[in-house]
Amino acid sequence: MKTYVSEQLQQIIEVLQQQQFLPADLTPRFTVERTRDKSHGDFATNLALTLAKPAGTNPRQVAEKIVALLPDKGAIKKVEIAGPGFINFFLDETWLARQVKNALDDSRLGVAQVERPQNIVIDYSSPNLAKEMHVGHLRSTIIGDAVARTLEFLGHKVIRQNHVGDWGTQFGMLLALMEERRQQGREISMELSDLESFYREAKQQFDASPDFATRARQLVVDLQSGDATCLNLWREFLDISLSHCQKLYDRLGVSLGPDAVHGESAYNDDLPQVIADLDKAGLLTEDQGAKCVFLDEFKGQDGNPLPMIVQKKDGGYLYATTDLAALRYRQKQLSAERILYFVDVRQSLHFQQLFAVARKAGFLDPATRTEHMGFGTVMGEDGKPFKTRSGKVAKLADLIDEAESRARALVAEKNPQMDASELDDIGRVVGIASIKYADLAKNRSSDYLFSFDNMISFEGDTGPYMLYAYTRVASIFRKAEVDENSLSGEIVLTEEIERELANRLIQFSEILTRVAERGTPHLLCGYLYDLASSFSSFYKNCPVLGADTETERNSRLQLCLLTARILKQGLSLLGIGTLERM
RNA sequence: GCGCCAGUAGCUCAGUUGGAUAGAGCAUGUGACUUCUAAUCACAGGGCCGAGGGUUCGAAUCCUUCCUGGCGCGCCA
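Residues numbered from 1 in each chain as written. Chains lettered and ligands numbered in written order. Predicted model: local features only at pLDDT ≥ 70, side-chain atom pairs only at ≥ 80, totals over all residues. Heavy atoms only, no water.

Quick look at the overall build of chain A now. Helix and strand counts for chain A stand at 21 helices and 13 strands. Across its three principal axes, chain A shows a C-alpha extent of roughly 85 × 70 × 40 Å. By the burial criterion, 51% of the 582 residues in chain A qualify as buried. Contacts in chain A between residues far apart in sequence, at least 24 positions, make up 72% of those at least 6 positions apart. Here chain A displays about 27100 Å² of accessible surface, and carbon together with sulfur accounts for 47% of that area. A gap of 2 Å separates the mean positions of the 68 positive and 81 negative side-chain charges of chain A. (Helix = DSSP H or I, 4+ residues; strand = E, 2+ residues; numbered from the N terminus. Buried < 20%, exposed > 50% of the residue type's maximum accessible area, 1.4 Å probe, protein only. Contact = heavy atoms within 4.5 Å. Areas by Shrake-Rupley, 256 points an atom, 1.4 Å probe, with all protein chains shown as cover. Lys, Arg positive; Asp, Glu negative; His and termini not counted. Charge placed at Lys NZ, Arg CZ, Asp CG, Glu CD.)

Right, here's the structure in full:
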C-alpha cells in the first residue's frame, strides 16, 4: 500500500514538472508513512512540504494541486490536507477487508517470497567449547536465530555457521587433565558432565603445578602436529562439549544442529595460505617480529597506524587469521552473497578491520555484503555485567532452569487445579518464551538489563502476554466448534477497533522485510505486541461467538483466525512456541 | 590521548532514518468479571528528550562544542 501511494505520487511529480509547476531536474525526497494518530488517516505524506520551496509557493497550495491530480481508486476512501501541508490518506474498509481475506487464503499469510533469493551466511552462537555456555552467549544465539528464521521465511537460502571455539592453547590444559583423570581410572564423560568446574580445575592445576603446565603445553604441540592419541582425546572432549550445547539449543528452541557446526579448527590447514595470500596481495608487513596488515583508515594510540596482527612472532596464528580464513570460505565455498555476524558489539573494530582487509586481499566479491550485527551486554540489576549472586558468570543452563521454575510456579498459582505434567509443559514453554522475548524485544545494539521479575511478570509487554493472547484466540475456536478452513463470508469492519486490528494484520509483511534488512527482531516483537494488544481490545469490546448476526460472527471469526495465524507464525520466527491453553 | 556507543516519565525501553500534541510496559490512582480465560480491558497523573549553539517551513533524530557513563585501541578471543 505504501509503495502504491508512493508510485502514484511519483507520477504526479512528473505531471507537475511537465506543467512547469516544478523544476524538471528536481528529484524530491518524500516519505509515505503510517500515521500514529488515527485522526491523521492511515497513511500520510509530507510531499507538499518538500515541494513548496522549489515550486515557489506555500505547502497547502501544493497539496491541493497534488490532491486534485490523485487518480480515483478503490483503496483510498478519503484524502485530506492537514496541518502545515500533510496529505492524509484514509483507507477504504472494503479494500482493507479484502486484504485480510487475501492473507487468509494465503498459506504465507500475505507475505510474498523475495524475488531474488540470496545465499546468506549467518554466524551466530559460536560458543567456546572449552567452557560451558553462559549468559554471554544468549543474545548471539537467540537474535541470530530469529534473523535466520525470518530470512528463511522470506525465501532466502540461509546457511547457519556455528563458529565454535574448538582450538587454542586452553585445550592443552583440558587434555592434560583428561589424561590425568583417565590414568586415575575415572570415567571421562562423568568428569566432563560439569564442564565449568572441569575447566576451573584444569586452570588451577595449570597455574599451580609446573609439571602439569609443561604437560599441557606439550599436548598443544602434539595436537597441532596431529598426534593421533592426542586428537582422539580432543575429539572426545568436543563431543561431550558439543552435546552440552546441543542440549541447550534444544531446550531453547534454537534451530542450530550439528550440521551448522564449523569451528575454528576447520580452518587450521588454510591459515598458512591466508598469510601467503596476504603477502602476495602486498598487504603484509613485519613489525617487531609479528606479521601484520596495516591499513591507513585505522589509527591506534598516538595516531600511529593500527595493525591487524595475523601471525605472532612465535609463528602462532590469531583469531584474526581464522576469521579471514572463515570469511574466504564463506565467500568461495558457500557462495555467500551476504554474511552476517551476530557478535558482541565490543568487537566492532575487529570486524571493521577484518572486512577491510578481506576486501583489499580479494577474499570477498565486491558485491557481497558483510555486516557485523553487534549486540550489547546483558547487565544485572546493579547495572554491571550480569553475574550470579556469588559473583560468577551465570551458566545458561541455570538461567533456563530458573526461568522455567519461576514460570511454572506462576502458572500453578493461576491454575490450582492443573495437573503436574501439564504444569511442567506450560512452565517450560512460558519460561523459555519469557527469556527469549525479553531479549529479542530490546534493540540489539544497546546493553540491556536482565531481570527475571520483569520478564516473567505476566503483565504488559512480555512473552507470557503474547502466549496468553494466542490462547484466547485458540479458546474461541475450541468453543466455536467450526472448521477453521471452512470459514467464509464477508469481512465487515464496523467497529473502530476492528479497523485497527485489520490494519495491523496486513502490516506483517513489511515488518518482516525490515527485520530481515536490518537484523532487528525487536521490530517484530513490537509489531506482535501491538497486534496482541489490538486483539485484546477487540476481544473485550467485540463479542465473537455472541455476535449480533451470523455475518458479524463469521467476519469476526475470520479476524480471529488471521490474528492467531500471524501470532503463531510471528512468534515462531522469533523461535518462540505457542500453547493452546495456559 | 584517539576512536566507537549510549544519555528520552520514578524504573525498563520504543521512537518507522527530518514531520503533526515525544509513545509503550512496569510502578501509582480510578473504574470494569451472571456473557468467548480479568495472565485482560478502559481512564488518569507523570517529560528542559544530558546541556549550550547551529542548520530549516519543522530537530529526540542532522552538524558543532561541552558534561556524564560504558566500551575498544600490537602478538587473548
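A side chain with one charge can pair with a side chain of the opposite charge if their charged atoms come near. The final tally for this structure, using the stated rule, is 36 salt bridges. With a shortest N-O distance of 2.8 Å, D401 and R251 are connected by a salt bridge. With D401 in helix α14 (residues 396–414) and R251 in helix α10 (residues 228–252), this pair connects stretches of sequence that are 150 residues apart. On the basis of relative accessible area, D401 is assigned to the partly exposed category, the value being 38%. (Salt bridge = Lys/Arg side-chain N within 4 Å of Asp/Glu carboxyl O.)

Considering every residue of chain A, the mean pLDDT works out to 93; 100% of them sit at 70 or more. Under the prediction, the complex receives an ipTM of 0.96, its pTM being 0.96. (pLDDT = per-residue confidence, 0-100.)

Once that is clear, we can look at the protein's contact with RNA strand B. Around RNA strand B lies a shell of 61 residues, among which K53, F458, Y468, S475 and Y539 are the nearest. Here, RNA strand B places atoms within 4 Å of the protein, and 57% of those atoms are sugar or phosphate. Residue C542 places a main-chain N or O atom 3.2 Å away from a base nitrogen belonging to RNA strand B. One of the backbone nitrogen or oxygen atoms of M582 is found 3.1 Å away from a base oxygen of RNA strand B. Of all the elements in the fold, those that place two or more residues in the surface near RNA strand B are β1 (32–34), α2 (47–55), β4 (86–91), β9 (305–311), α14, β13 (448–449), α17 (463–480) and α20 (522–541). Top contributing element to the surface near RNA strand B by residue count: α17, with 7 residues. (Near = heavy atom within 4 Å. Polar contact = N/O pair within 3.5 Å; in protein donor to acceptor, adjacent residues only side chain to side chain.)

What follows concerns the packing of helix α5 (residues 138–153) against helix α19 (residues 508–518). In helix packing, the relevant descriptors are the interaxial angle and the interaxial distance, both defined with respect to the helix axes. Across the interface, α5 lies against α19 with an axial gap of 9 Å and an inter-helix angle of 125°. As judged from the angle between their axes, α5 and α19 are oblique. Crossing angle aside, the handedness with which α5 passes α19 is left-handed. Contacts from T150, L151 and F153 of α5 reach α19 at L512, V515 and A516. In terms of residue class, the contact of α5 with α19 is built from 5 nonpolar, 1 polar and no charged. (Axes fitted to C-alpha atoms, helices over the stretch in contact; angles between N-to-C directions. Parallel < 35°, antiparallel > 145°, perpendicular 65-115°, else oblique. Left-handed = near helix turned anticlockwise from the far one by under 90°. Nonpolar A, V, L, I, M, F, W, Y, C, P; charged D, E, K, R; others polar.)

This part takes up the pairing of strand β10 (residues 338–341). Judged by which residues are buried, β10 turns out to be covered on both faces: R338 and L340 on one side and I339 and Y341 on the other are all buried. In this sheet, β10 lies alongside strand β5 (residues 119–123) in parallel orientation, the contact comprising 4 bridges. When the bridges of β10 are listed, D123 appears paired with Y341. Direction of pairing for β10 relative to strand β11 (residues 369–372): parallel, over a ladder of 4 bridges. From the neighbouring strand, R338 faces β11, where its bridge partner is R369. Considered for its hand, the β-α-β crossover made up of β10, helix α13 (residues 348–360) and β11 is right-handed. (Pairing = 2+ DSSP bridges. Right-handed = clockwise from strand over helix to strand, strands pointing away.)

Our next topic: the packing of helix α9 (residues 210–224) against α10. Running from N to C, α9 and α10 cross one another at 100°; their axes reach a closest spacing of 8 Å. Classified by the interaxial angle, the pair formed by α9 and α10 is roughly perpendicular. Contact residues: L219, D222 and L223 in α9; C230, L231 and W234 in α10. Partitioning the contact of α9 with α10 into residue classes produces 5 nonpolar, no polar and 1 charged.

The subject of this paragraph is the sheet that holds β11. If you walk across this open sheet you meet the 4 strands as β6-β5-β10-β11, and the pairing is parallel. The two strands at the open ends of the sheet, each matched to only one other strand, are β6 (157–161) and β11. On average, adjacent strands in this sheet sit at an angle of 15° to one another, irrespective of strand direction. Here β5 pairs with β6 via 5 bridges, running parallel.

This part covers α10. A rise of 1.5 Å per residue sets the reference length of α10, with its 25 residues, at 36 Å; its end C-alpha atoms lie 36 Å apart and thus fit the reference within 8%. Looking one or two residues beyond α10, the residue adopting positive phi is G253, at roughly 70°. (Expected span 1.5 Å × (residues − 1).)

A separate point is the side chain of K436. By the element assignment, K436 lies in helix α15 (residues 420–440). For K436, the residues in contact, after removing those within four places along its chain, are I142, L252, G253, V254, L574, G575 and I576.

Looking now at the packing of aromatic side chains. In the structure shown here, the tally under the stated rule is 12 aromatic pairs. Pairing Y341 with F355 gives two aromatic rings, centres 5.7 Å apart and planes at 45°, and the pair type is tilted. Linking Y341 in strand β10 with F355 in helix α13, this pair joins segments that are 14 residues apart in sequence. Judged by relative accessible area, which is 2%, Y341 ranks as buried. Considering the side-chain rings of Y465 and Y529, the 5.3 Å spacing of their centres and the 45° angle between planes classify their relative orientation as tilted. In this pair, Y465 is assigned in helix α17 and Y529 in helix α20, connecting sequence segments 64 residues apart. (Phe/Tyr/Trp six-rings, centres within 6.5 Å; stacked < 30°, edge-to-face > 60°.)

Structurally, the position occupied by R346 is in the loop between β10 and α13. Along the backbone, R346 and K38 are 308 residues apart, and their C-alpha atoms lie at a distance of 41 Å. Here D344 takes part through its side chain, which lies 2.8 Å from a polar atom of the side chain of R346.

So, on to the sheet that holds strand β8 (residues 290–299). If you walk across this open sheet you meet the 3 strands as β7-β8-β9, and the pairing is antiparallel. Edge positions in the sheet fall to β7 (284–287) and β9, since each of these pairs with one other strand and no more. Between one strand axis and the next, the sheet turns by 50° as a mean value, whatever way the strands run. Taken together, the 4 bridges between β7 and β8 define a ladder with antiparallel strand orientation. Opposite L284, over in β8, you have V293 as the bridge partner.

A few words on unusual backbone geometry. Unusually for a residue other than glycine, S126 sits at a positive phi of about 40°. With respect to the helices, strands and loops of the structure, S126 is situated in the loop between β5 and α5. Residue class for S126 comes out partly exposed when judged on its relative accessible area of 23%. We note that Q288 has phi near 50°; this positive angle belongs to a residue other than glycine. Summarising the element assignment, Q288 is placed in the loop between β7 and β8.

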